Amino acid sequence: MQRALLYALPLLAVFSGVAQAGLPTYELTIRDGHFEPATLEVPARQRFKIVVINAGSGPTEFESTPLRVEKVLSPGVTSFVVIHPLKPGRYPFFDEFHLDLPEGEIIAK
C-alpha cells in the first residue's frame, strides 16, 4: 500500500499542475505595500489564479478576509493563490505588513 502511494504522489502533482495550468491567470505585483494593479477584474463564477510577486524590499502579505486567503512572501519571491468561483461583487485585499496603505480589490463581473 505504501509503495503504491509513493508512485501515485508524483502523478497527483502532475495532474494538479495540469488542472491549474488551464486557469485564467492574473498577475499582481506588491511593492512595499502598493498593489500593481490595484484592481483586478475577473469573470464571476469561474476559478482563477493570481500570481503574486513581491517586488519590494521587505516581506509582504496578500490577504483577503472575504476570500479567506493569505500568502506571505519574502522580498523577490513569486507565488500564487487559486481563488474559488466568486459571485459578482467586490472583494478587498490588503498587505498586512502595510495596513496604513490603500487596499486593493477584485471585482467579479
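Criteria and thresholds
Residues numbered from 1 in each chain as written. Predicted model: local features only at pLDDT ≥ 70, side-chain atom pairs only at ≥ 80, totals over all residues. Heavy atoms only, no water. Pairing = 2+ DSSP bridges. Helix = DSSP H or I, 4+ residues; strand = E, 2+ residues; numbered from the N terminus. Axes fitted to C-alpha atoms, helices over the stretch in contact; angles between N-to-C directions. Contact = heavy atoms within 4.5 Å. Polar contact = N/O pair within 3.5 Å; in protein donor to acceptor, adjacent residues only side chain to side chain. Buried < 20%, exposed > 50% of the residue type's maximum accessible area, 1.4 Å probe, protein only. Phe/Tyr/Trp six-rings, centres within 6.5 Å; stacked < 30°, edge-to-face > 60°. Lys NZ or Arg CZ within 6 Å of the ring centre and 35° of its normal. pLDDT = per-residue confidence, 0-100.

Participant: Please explain the sheet that holds strand β9 (residues 104-108) as it appears in this structure.
Facilitator: Two strands in a sheet stick together by hydrogen bonds in their backbones, pointing the same way (parallel) or opposite ways (antiparallel). Taking strand neighbours across the sheet as the criterion, the five strands line up as β3-β9-β8-β5-β6 in an open arrangement whose pairing is mixed. Every interior strand has two partners, whereas the edge strands, β3 (39-42) and β6 (69-73), have only one. Each adjacent strand pair in this sheet contributes to an overall mean axis angle of 15°, direction not counted. The sheet contact formed by strand β5 (residues 60-64) and β6 spans five bridges and is antiparallel. Opposite S64, over in β6, you have V69 as the bridge partner.

Participant: Before we go on, may I ask you to explain the environment of D95 in this structure?
Facilitator: With respect to the secondary-structure elements, D95 resides in strand β8 (residues 89-95). A sequence separation of 65 residues divides D95 from I30, and the C-alpha atoms of the two residues are 8.4 Å apart. Beyond its immediate sequence surroundings of up to four residues, D95 is in contact with I30, G33, F35, T60 and E61. At 2.8 Å, the side chain of D95 forms a polar contact with the side chain of H98.

Participant: Before we go on, may I ask you to explain the pairing of β9 in this structure?
Facilitator: Along a regular strand, successive side chains alternate from one face of the sheet to the other. Counting buried residues in β9 gives four out of five residues, a clear majority hidden from the surface. Of the strand pairs in this sheet, β3 and β9 are connected by four bridges, and their pairing is parallel. Its bridge partner being in β9, V42 is matched across the sheet by A108. As paired elements, β8 and β9 share five bridges and run antiparallel to each other. What sits directly across from P92, in β9, is E105.

Participant: Sorry if this is basic, but what is going on with the packing of aromatic side chains here?
Facilitator: Each aromatic ring pair is characterised by the separation of its centres together with the angle its planes make. The final tally for this structure, using the stated rule, is three aromatic pairs. A ring pair is formed by F35 and F93, whose centres lie 4.8 Å apart and whose planes are at 85°; its orientation type is edge-to-face. Residue F35 is located in strand β2 (residues 34-36), and its partner F93 is located in strand β8; the two are separated by 58 residues in the primary sequence. Each member of the pair F35 and F93 is classed as buried. Arranged with centres 5.1 Å apart and planes meeting at 45°, the rings of F62 and F93 form a pair that is tilted. Here the residue F62 occupies a position in strand β5, and F93 occupies one in strand β8, the gap between them amounting to 31 residues. Each member of the pair, F62 as well as F93, is classed as buried. What links up through ring pairs into an aromatic cluster is the set F35, F62 and F93. Here the basic side chain of K49 rests over the ring of F80, its NZ or CZ set 5.0 Å away from the ring centre.

Participant: Looking at this structure, how should I read the confidence of the model for the chain?
Facilitator: Parts of the prediction with low pLDDT should not have their coordinates interpreted in detail. Confidence in the prediction of the chain, expressed as mean pLDDT, is 88, and 81% of residues score 70 or more. Confidence drops under a pLDDT of 50 for residues 14-19, and excluding neighbours within four residues, the segment shows zero contacts in the predicted structure.

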